[in-house]
Amino acid sequence: MAIKEPGITASPNRGLALTAGSVLALWGVLGFFFAADGDPGFFNRQGGMLWNAFGVNPALCLIWVLLAVVLLITGLGNTIGSRNGNLLVGALLVVFAVYGFVFVNTSANIFALNTTDNVFHAIVGVLLLLTGLGADKENLRALRAARA
């Protein structure tokens, strides 16, 4: 008996991957337009401001777009892939948040991070990690049993 892959609305991992991926893609693309408001350069420490809250530079916008691509591709794929994508991107965002909190006012802040960026990275990262670890237990168990 074949187990049907749960749809996007039935899988929290797939839904969150697509939602977070869309937000990161939108902010990453918009951020490229506002990143030029600050000092020129890819890794400038005084980037532009996105919505007068988020500090952005081209390096940060590129990271957001790349993470969005991972989430969108895995979210459009299957439940196991979206779970793994959520765990990967969530872990990277949490590491990025810790980096930002530690180096926010130093010369090592090459991503023009500010407190709003750091809180955003921490919240989205933890949400992705918790969803990846806790959601879709029944779906994943059934899919793995069907493969075996």
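Turning next to unusual backbone geometry. A positive phi angle, close to 55 degrees, is found at Ala-112, a residue other than glycine. Structurally, Ala-112 can be placed in the loop between α3 (79-103) and α4 (115-134).

Moving on, we get to the environment of Arg-83. As for its position among the elements, Arg-83 is in helix α3. Along the backbone, Arg-83 and Asn-13 are 70 residues apart, and their C-alpha atoms lie at a distance of 5.5 Å. Among all residues touching Arg-83, those that are not within four sequence positions of it are Asn-13, Gly-132, Leu-140 and Arg-144.

Moving on to the packing of helix α2 (residues 58-76) against α4. Where α2 meets α4, the closest approach of the two axes is 14 Å, and the angle between their N-to-C directions is 15 degrees. Of the possible angle classes, the one that applies to α2 and α4 is roughly parallel. Between α2 and α4 the crossing geometry is left-handed. Within the contact between the two elements, α2 uses Leu-60, Trp-64 and Leu-71 and α4 uses Asp-117, Phe-120, His-121 and Leu-128. Tallied by class, the residues present in the contact of α2 with α4 amount to 5 nonpolar, 1 polar and 1 charged.

Within the secondary structure, Leu-133 sits in helix α4. For the pair Leu-133 and Arg-83, spaced 50 residues apart in sequence, the C-alpha to C-alpha distance is 7.8 Å.

Another aspect to go through is a positive patch on the surface. Together, Lys-137, Arg-141, Arg-144 and Arg-147 line one region of the surface with positive charge. Structurally, Arg-147 is set in helix α5 (residues 137-147).

Moving on, we get to the environment of Ile-110. Here Ile-110 lies in the loop between α3 and α4. The exposure class assigned to Ile-110 is partly exposed, which follows from its relative accessible area of 31%. Discounting residues that sit within four places of it in the chain, Ile-110 has contacts with Phe-43, Asn-44, Arg-45, Asn-57 and Tyr-99.

A surface patch of nonpolar side chains, amounting to about 520 Å² of accessible area, comprises Phe-32, Phe-42, Phe-43, Leu-62, Leu-66 and Ile-110. With respect to the element layout, Phe-43 can be found in the loop between α1 (12-35) and β1 (48-50). A residue is classified by how much of its surface remains accessible, and Phe-43, at 44% relative accessible area, is partly exposed.

A word on the packing of α2 against α3. It is the contact of α2 with α3, at a shortest axis distance of 8 Å, that shows an interaxial angle of 160 degrees. Here α3 runs roughly antiparallel to α2, going by the angle between their axes. Judged by the twist between their axes, the crossing of α2 over α3 is left-handed. Contacts from Leu-60, Ile-63, Leu-67, Val-70, Leu-71, Thr-74 and Gly-75 of α2 reach α3 at Gly-81, Ser-82, Gly-85, Asn-86, Leu-88, Val-89, Leu-92, Leu-93 and Phe-96. Residues of the contact of α2 with α3, tallied by class, amount to 10 nonpolar, 6 polar and no charged.

In this section: α3. Counted at 1.5 Å a residue, the expected span for α3 with its 25 residues is 36 Å, and the 36 Å between its end C-alpha atoms agrees. Two to three positions downstream of the cap, the backbone nitrogen of Ile-80 sits 3.5 Å from a side-chain oxygen, assigning the N-cap of α3 to Asn-78.

Conventions adopted
Residues numbered from 1 in each chain as written. Predicted model: local features only at pLDDT ≥ 70, side-chain atom pairs only at ≥ 80, totals over all residues. Heavy atoms only, no water. Helix = DSSP H or I, 4+ residues; strand = E, 2+ residues; numbered from the N terminus. Contact = heavy atoms within 4.5 Å. Axes fitted to C-alpha atoms, helices over the stretch in contact; angles between N-to-C directions. Parallel < 35°, antiparallel > 145°, perpendicular 65-115°, else oblique. Left-handed = near helix turned anticlockwise from the far one by under 90°. Nonpolar A, V, L, I, M, F, W, Y, C, P; charged D, E, K, R; others polar. Patch = residues over 30% accessible without salt bridge, like charges linked within 9 Å, V, L, I, M, F, W, Y side chains within 5 Å. Areas by Shrake-Rupley, 256 points an atom, 1.4 Å probe, with all protein chains shown as cover. Salt bridge = Lys/Arg side-chain N within 4 Å of Asp/Glu carboxyl O. Lys, Arg positive; Asp, Glu negative; His and termini not counted. Charge placed at Lys NZ, Arg CZ, Asp CG, Glu CD. Buried < 20%, exposed > 50% of the residue type's maximum accessible area, 1.4 Å probe, protein only. Expected span 1.5 Å × (residues − 1). Polar contact = N/O pair within 3.5 Å; in protein donor to acceptor, adjacent residues only side chain to side chain.

Read these as spatial facts, not as claims about activity.
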